[in-house]
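The chain contents come next:
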Amino acid sequence: MTTHAEPRPRTGALVETLPASYYTDPAILEIEQKEIFAKTWQYVGTVDALAKPGDYITTTLVDTPIIVSRSRDGVHAMVNVCRHRFSEVASGCGNTRAFKCPYHAWTYGLDGTLVGAPRSEQIDDFDKSQLPLTKLPVAVWGPLVFVSLDPQVGAFQDWIGPVEASLRAANVKLESLTMRKRTTFDIAGNWKIVAENYLECYHCLVAHPNYSRTFDTSALGYTFATDAHTFISNTAPQDRVLHDAAAAPYKAEGPIGVNQNDYVWPNFAPMTWPGQNNLLIYSFRPTAVDHTIGYFDYFFDPDVDPDVERDFMAFLDEVGAEDVPLIESVQRGMASGLIDTGRLVPDENQIEHFQKLTKDAIHGSSAR
Ligand code: FES
Ligand SMILES: [Fe+2]
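On a predicted model such as this, the values are computed, not experimentally measured, just so you know.

1. Observations concerning the overall build of the protein
And step 1. The secondary structure content of the protein amounts to 8 helices and 21 strands.
And step 2. Taking 21 Å as the expected radius of gyration for a compact globule of 368 residues, we find that the protein reaches 22 Å, a close match to that expectation.
And step 3. Across its three principal directions, the C-alpha atoms of the protein cover 75 × 50 × 35 Å.
And step 4. In the protein, buried positions account for 52% of the 368 residues.
And step 5. Taking the contacts inside the protein whose residues are at least 6 apart along the sequence as the reference set, 64% of them involve residues at least 24 apart.
And step 6. Summed over its atoms, the accessible surface of the protein is roughly 16,400 Å², and 52% of this surface lies on carbon and sulfur atoms.
And step 7. Positive and negative charge centroids in the protein, built from 30 and 47 side chains respectively, lie 6 Å apart.

2. What to know about the UniProt feature "domain: Rieske" (unreviewed entry) in the protein
And step 1. In the UniProt entry, the feature "domain: Rieske" (unreviewed entry) is given for residues 41–147.
And step 2. The distance from the first to the last C-alpha atom of residues 41–147 is 6 Å, and the span holds 0% helix and 43% strand.

3. Some thoughts on helix 1 (residues 26–37)
And step 1. Three or more residues of helix 1 are buried, namely I28, L29, E32, Q33, I36 and F37. Viewed along the axis of helix 1, the buried residues span an arc of 145°, placing them on a single side of the element. Among the exposed residues of helix 1, those pointing more than 90 degrees away from its buried face are E30 and K34.
And step 2. Of the residues that open helix 1, the one with a side-chain oxygen 2.8 Å from the backbone nitrogen of A27 is D25.

4. Examining the coordination of the iron ion (ligand 2)
And step 1. Donor atoms from the polypeptide that bind the iron ion (ligand 2) are H203 (NE2), H208 (NE2), D323 (OD) and D323 (OD), placed at 2.1 to 2.5 Å.
And step 2. All donors of the iron ion (ligand 2) come from a single chain, and their spacing in sequence reads H-x4-H-x114-D. In this pair, H208 sits in the loop between helix 4 (204–207) and helix 5 (209–214) while D323 sits in helix 7 (residues 306–335), placing the two residues 115 residues apart along the sequence.
And step 3. Classification of H208 as buried rests on a relative accessible area of 2%.
And step 4. Since its relative accessible area comes to 13%, D323 is described here as buried.

5. Describing the state of the cysteines
And step 1. By the definition in use, this model includes 1 disulfide.
And step 2. In this model, C201 is linked to C204 through a disulfide, with the two sulfur atoms separated by 1.9 Å. Judged by the torsion about the S-S bond (-115°), the C201/C204 disulfide is left-handed.
And step 3. Classification of C201 by relative accessible area gives buried; the value is 9%.
And step 4. C93 carries a free sulfur, and the closest cysteine sulfur to it, the one in C101, is 19 Å from it.
And step 5. The exposure class of C93 is exposed, given its relative accessible area of 58%.

6. Digging into unusual backbone geometry
And step 1. Here the bond from W265 into P266 is cis, since omega is 15°, no more than 30 degrees from zero.
And step 2. A positive phi angle, close to 55°, is found at V62, a residue other than glycine.
And step 3. With respect to the element layout, V62 can be found in the loop between strand 3 (55–61) and strand 4 (64–71).
And step 4. The phi dihedral of R119 falls on the positive side, at around 65°, and the residue is not glycine.
And step 5. With respect to the helices and strands, R119 occurs in the loop between strand 9 (114–116) and strand 10 (135–136).

7. Here we look at the nonpolar core
And step 1. Among the nonpolar cores identified, the biggest contains 53 residues, and Y211, Y263, W273 and Y282 are the most heavily contacted of them.
And step 2. Of all the secondary-structure elements, those providing two or more residues to this core are helix 1, strand 13 (178–187), helix 3 (191–198), strand 18 (268–272), strand 19 (278–288), strand 20 (291–300), helix 7 and helix 8 (349–362).
And step 3. Broken down by element, the residue count for this core peaks at 9 residues, all from helix 7.
And step 4. Leaving out residues up to four positions away in the same chain, Y211 has contacts with C201, C204, T217, Y222, T235, N259, N261, W273, F315 and V319.
And step 5. In this structure, W159, I256, V264 and F268 belong to the second largest nonpolar core, which totals 22 residues.

About the criteria used
- Residues numbered from 1 in each chain as written.
- Chains lettered and ligands numbered in written order.
- Predicted model: local features only at pLDDT ≥ 70, side-chain atom pairs only at ≥ 80, totals over all residues.
- Heavy atoms only, no water.
- Helix = DSSP H or I, 4+ residues; strand = E, 2+ residues; numbered from the N terminus.
- Rg over C-alpha atoms; globule rule 2.2 N^0.38 Å.
- Buried < 20%, exposed > 50% of the residue type's maximum accessible area, 1.4 Å probe, protein only.
- Contact = heavy atoms within 4.5 Å.
- Areas by Shrake-Rupley, 256 points an atom, 1.4 Å probe, with all protein chains shown as cover.
- Lys, Arg positive; Asp, Glu negative; His and termini not counted.
- Charge placed at Lys NZ, Arg CZ, Asp CG, Glu CD.
- UniProt positions renumbered as here; feature names shortened; annotations may be inferred.
- Arc of directions from axis to C-beta.
- Polar contact = N/O pair within 3.5 Å; in protein donor to acceptor, adjacent residues only side chain to side chain.
- Donors = N, O, S within 2.8 Å, 3.2 Å for Na, K, Ca; no water.
- Disulfide = S-S within 2.5 Å.
- Core = buried A, V, L, I, M, F, W, Y, C linked by side-chain atoms within 4.5 Å.

Here it is, written out as structure tokens:
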């Protein structure tokens, strides 16, 4: 795996896409939830929210409520389900000394250990050590926190490693970044259309005029490489635009010189852009077979000029918003039920790889 994708000629034949039913059949989403989203690393929140001992956040992964907390020993992830009779133990986010279940007050420490239960001293054989909240694999990466519902999930560093190398080669310093803003995209489309839209730039010249004016989105300007779960893409700025104060969408002076658009299957897309230290995380989750919630989370160093941040985020929010109607139109086309498969051109061979990983997972033969 190289950290910078090399340009390569994209020639070859048309390739059939996955059938439309994979994007419209709720039974497929049910399998994907179990075989993909419950078995991979998922981005759940930021380290900023877990800065001090006692800080915690709650969220839901697939259908499982989870808690992520910080104790003096580090960051913990647990299933947010009481070992007494299944109530959720915590809600929202904040800072606490312990998690007291609102139903009958069984109380758990920040690492999930059961520390108290009313009247437990009257109960024979009540061994608190046997009833902790169920622990989950957790990983901290720069300013981000990841959790997996699968105790057997592979090592986090193996999953993120090639993308981390690509971002570091682009001069991103993960350690000093903090989150500034979340932009939410409510998309009436299947999550795979969202991913596939991200994984090709064949549409950029057609659908992203400002982006294509600022970066080289031509066939050879936009490079990509795939390996296992990793997708690495980058494009260079059109210098005459990006470094012309009057024409540039934002002021791009700084140590980062490329636009890196990476991806780790199934749903994590870190990007960086020319200028000062920055990271834009695109993540998304299916909420129904034909509906996806996407997020742009913007990270910068603390000392970045607020005007630069504002212009940068406005530029990229616009690019993100341009994709939504395209995705929704594809979903309507798939739902028509009259066309079985589409065709991929050679410039879309990242999608071919994405569809292979996804199909293998659905049919139970994925090597995760
Ligand atoms: S369900 Fe939590 S204490 Fe009873
Ligand atoms: Fe796009």
